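Chain by chain, the residues run as shown.
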Amino acid sequence: MTDHDPDLQAARRWFESLRDRICAAFEAIEREAGSDAAFDYIEWDRVDPSGEPGGGGVRGVMKGRVFEKVGVNVSTVAGTFEPGFATSIHGADADPHFAATGISLVAHMANPHVPAVHMNTRFLTTTKRWFGGGADLNPPLPIAEDTDEFHAVLKAACDRHDAGYYPRFKEWADTYFYIPHRGVHRGVGGIFYDHQEGDFDADFALTRDVGEAFLGVYPRIVRRRMDAAFTEADIAVQRAWRGRYAEFNLVHDRGTLFGLKTGGNVDAILMSLPPVATWD
């Protein structure tokens, strides 16, 4: 299926190594909080609509004292897009065959002062070959120090490759992570990029730096806020905000649509949904 594509396999190995280090870092935070929570890993296989094997992945989920629910997925899939969906995918309008590998992470936190977070990076091949992804911070109760540090670390990662990347990718995130029917942004932003296809080595290096930046900054923010006192009113704000997050992911998120349209694992695709939310 994808075994003969060295670029895709190199990207897959990197995403899997990043997953392992992220999960270890998150489990370490749980140990510090006196919890023995750990990730449960479930392997899944995908069957392409053509009936042929289509790859699969590993879904990792942890529910603990600090991380109320966090999912970290890595998938590597290949097959044929449905004709109607192929026209919406870069490079697939003439030939619907594709292969893709990527990591996707969403963390919903027990303490409303700890921001939820999303991170995803991926490599896709059709008649084109490109990287995409990014990371964005989603605090129910925004704190400027956390927002500023998150953006500063992502900017430094982007600046190592091109001084124009961060402002462009930040604007892309602000536009993408927006809930038009509510007239609000999903969080305090971050970066988002797609169709990064100029040079495999350079674009892969950017994607690795984004992953390393996330792994460096988010655990620091979690440790800074995880013991902060909170009230029932804070929890109410958090749960209402989670409702908005769920609305975005179910109505507007392209990754959710891609996974469902390509026969992905439903539990892995929808692991981004919060454990408890309210709509008043």
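Residues numbered from 1 in each chain as written. Predicted model: local features only at pLDDT ≥ 70, side-chain atom pairs only at ≥ 80, totals over all residues. Heavy atoms only, no water.

(A) A look at the overall build of the protein. Regarding its fold elements, the protein presents 8 helices and 9 strands. The globule rule puts the C-alpha radius of gyration for 280 residues at 19 Å, and the 18 Å found for the protein is close to it. Overall, the C-alpha framework of the protein stretches about 55 × 40 × 40 Å when taken along its three principal axes. The buried share among the 280 residues of the protein stands at 53%. The long-range share in the protein, meaning contacts at least 24 apart out of those at least 6 apart in sequence, stands at 67%. (Helix = DSSP H or I, 4+ residues; strand = E, 2+ residues; numbered from the N terminus. Rg over C-alpha atoms; globule rule 2.2 N^0.38 Å. Buried < 20%, exposed > 50% of the residue type's maximum accessible area, 1.4 Å probe, protein only. Contact = heavy atoms within 4.5 Å.)

(B) Up close: unusual backbone geometry. Although it is not a glycine, His-195 sits at a positive phi angle of roughly 55°. Tracing the chain through its elements places His-195 in strand 9 (residues 189-196).

(C) Structural view of the packing of aromatic side chains. Per the stated rule, a full pass over the model turns up 20 aromatic pairs. Taking the centre distance of 4.7 Å and the plane angle of 35° together, the rings of Phe-123 and Phe-131 count as tilted. Accessibility assignment for this pair places Phe-123 and Phe-131 in one class, buried. Ring geometry for Tyr-176 versus Phe-177: centroids 4.8 Å apart, planes at 80°, classification edge-to-face. For the residue pair Tyr-176 and Phe-177, the accessibility class agrees, reading buried in each case. These aromatic residues form a ring-pair network of at least three members: Trp-172, Tyr-176, Phe-177, Phe-192 and Phe-248. The lysine or arginine in question, Arg-208, covers the ring of Phe-204, its NZ or CZ lying 4.5 Å from the ring centre. (Phe/Tyr/Trp six-rings, centres within 6.5 Å; stacked < 30°, edge-to-face > 60°. Lys NZ or Arg CZ within 6 Å of the ring centre and 35° of its normal.)

(D) Spatial organisation of the nonpolar core. One finds Ile-22, Phe-26, Phe-67, Phe-214 and Tyr-218 to be the most contacted residues of the largest nonpolar core, which totals 52 residues. Broken down by element, the residue count for this core peaks at 11 residues, all from helix 1 (residues 6-32). In this view, Tyr-218 contacts Phe-26, Phe-67, Ala-107, Met-109, Val-114, Pro-115, Ala-116, Val-117 and Leu-137; residues no more than four positions away in its chain are not counted. Val-77, Ala-86, Leu-124 and Phe-258 belong to the second-largest nonpolar core, a separate cluster that totals 13 residues. (Core = buried A, V, L, I, M, F, W, Y, C linked by side-chain atoms within 4.5 Å.)

(E) Focus on helix 1. Under the 1.5 Å per step criterion, the end-to-end length of helix 1 is 39 Å for 27 residues, consistent within 8% with the ideal 39 Å. Immediately beyond the C-terminal end of helix 1, within one or two residues, lies Gly-34, with a positive phi of roughly 80°. (Expected span 1.5 Å × (residues − 1).)

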